[in-house]
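Structure at a glance
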Amino acid sequence: MAIKDFPCTLHQQVLTEELLMTYPGLLPQAYDEATAMATLAIRFAQKQGATLAMVPFDCTVEAEALGAPITGREDFFGLRAAGHSCESAEALAALQPFSWQEGRPRQVVEAIGHLVTAGYEPCLNWSGFLTVADMLLGVETIFLHWQEQQALFQHFAFQLAKGLLSYGLAAQEKG
C-alpha cells in the first residue's frame, strides 16, 4: 500500500491572491520582519477561527541563526536548508548557542509582542535537535557517527538547548 501525501490546503486557503494584493510584499517579508510575520500569523488564525497564532512559519530559524545556509525566500516551497555549514561532529559541537537578540529570532520575538497587542495567544514554533542538526550537518552523518561521537552530538544538543531556553524566555516575556 502506497503512502499518500497529506493534502494540506491551508496555504491555498490563506495565501490567496486577494491577501497578497492587499499586503504587497508580504512574502518574503513575513519570514524576516516582525510586523509582516504577525500580519500573516493573524491571517492564518482568522482563517482557522482560532485565537492562537503561531510564528514563525518555518523550521529554519534556529539553524539559520547557527549559520545554516537557507534558501526559498522567493519561491513557492518556502524556507529550507540549502546545504550544510558543518562538515563534522566537531564543527557542530563547536557552535555556540544562538542569540535571540539578532536576526530572525529577534523578529520572531517581536512578532509575538505584535500578536499579544492584537489580542491573539502567541505560540512559538521552534525546532529541536534533529531538525536543526540536519540543516547544519545532515542527519545521515549524525546517524552514521552517533555511537563513536555521541559526546560531541550531546554537547551540540546542550548548546542548542541553551539557545532555545533564552529564545523561549524572551518570547514568554513578550507574551
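Going by the structure above, here's the rest.
Let me begin by describing the structure that accompanies this report. (Residues numbered from 1 in each chain as written. Predicted model: local features only at pLDDT ≥ 70, side-chain atom pairs only at ≥ 80, totals over all residues. Heavy atoms only, no water.)

1. Concerning the overall build of the protein chain
Quick note on the threshold: Secondary structure is summarised from DSSP: a helix means a run of H or I of at least four residues, a strand means a run of E of at least two, and numbering begins at the N terminus for each. This radius of gyration counts C-alpha atoms alone. The globule rule is 2.2 Å times how many residues there are, raised to the power 0.38.
Counting its secondary structure elements, the protein chain contains 10 helices and 4 strands. The order of α-helices and β-strands along the protein chain, N terminus first, is α-α-α-α-β-α-β-β-α-α-β-α-α-α. For a compact globule of 175 residues, the expected C-alpha radius of gyration is about 16 Å, and the protein chain comes in at 17 Å, within 12% of that figure. Taking the principal axes of its C-alpha atoms as reference, the protein chain extends roughly 55 × 45 × 30 Å.

2. Notes on the nonpolar core
Test applied: In this description, a nonpolar core means a group of buried Ala, Val, Leu, Ile, Met, Phe, Trp, Tyr and Cys residues linked to one another through side-chain atoms lying within 4.5 Å. With a 1.4 Å probe rolled over the protein chains alone, any residue whose accessible area is under 20% of its type maximum counts as buried; one over 50% counts as exposed, and the rest are partly exposed. Any pair of residues with heavy atoms lying within 4.5 Å of one another is described as a contacting pair.
Ranked by size, the top nonpolar core spans 39 residues in total, and within it V55, L66, L92, L115, L136 and F156 carry the most contacts. The greatest single-element share of this core, amounting to 7 residues, is contributed by helix α10 (residues 150-174). In contact with L66, other than residues within four places in its own chain, are L95, Q96, P97, F98, V132, L136, F156 and L160. Within the second largest apolar cluster, 6 residues are counted, among which are L19, A30, L40 and F44.

3. Here's the deal with the environment of E74
When you line up the elements, E74 lands in the loop between β2 (70-71) and β3 (80-81). When the C-alpha atoms of E74 and L27 are compared, they prove to be 7.8 Å apart, with 47 residues separating the residues in sequence.

4. Some remarks on the packing of aromatic side chains
Rules: Note on ring pairs: Phe, Tyr and Trp rings are taken, using the six-membered ring of Trp, and paired if centres are within 6.5 Å. Classes follow the plane angle, with under 30 degrees stacked, over 60 edge-to-face and the rest tilted.
For the structure on display, the rule yields 5 aromatic pairs. On the basis of an interplanar angle of 70 degrees and a centroid distance of 6.3 Å, the ring pair of F129 and W146 is categorised as edge-to-face. Placement of F129 in helix α8 (residues 129-136) and of W146 in the loop between α9 (139-145) and α10 is noted, with a sequence separation of 17 residues between them. Judged by relative accessible area, F129 falls into the partly exposed class, the value being 21%. Ring geometry for W146 and F153: centres 5.5 Å apart, planes at 10 degrees, overall stacked. Pairwise contacts between aromatic rings join F129, W146, F153 and F156 into one cluster.

5. Details of the environment of L52
The topology assignment puts L52 in strand β1 (residues 52-55). For L52, a relative accessible area of 45% corresponds to the partly exposed category. Considered as a pair, L52 and T22 are 30 residues apart in the sequence and their alpha carbons are 23 Å apart.

6. Some thoughts on helix α4 (residues 34-48)
Here is the rule: Helix span, expected: 1.5 Å multiplied by one less than the number of residues in the helix.
Here α4 is 15 residues long and its end C-alpha atoms lie 21 Å apart, about the 21 Å a rise of 1.5 Å per residue gives. Those residues of α4 not exposed but buried are A34, A36, M37, A38, L40, A41, I42, F44 and A45. Positive backbone phi, approximately 65 degrees, marks G49, located one or two places after α4.

7. Some remarks on unusual backbone geometry
Between V55 and the following residue, P56, the backbone shows a cis peptide bond with an omega angle of -10 degrees. If you trace the backbone, P56 turns up in the loop between β1 and α5 (61-65).

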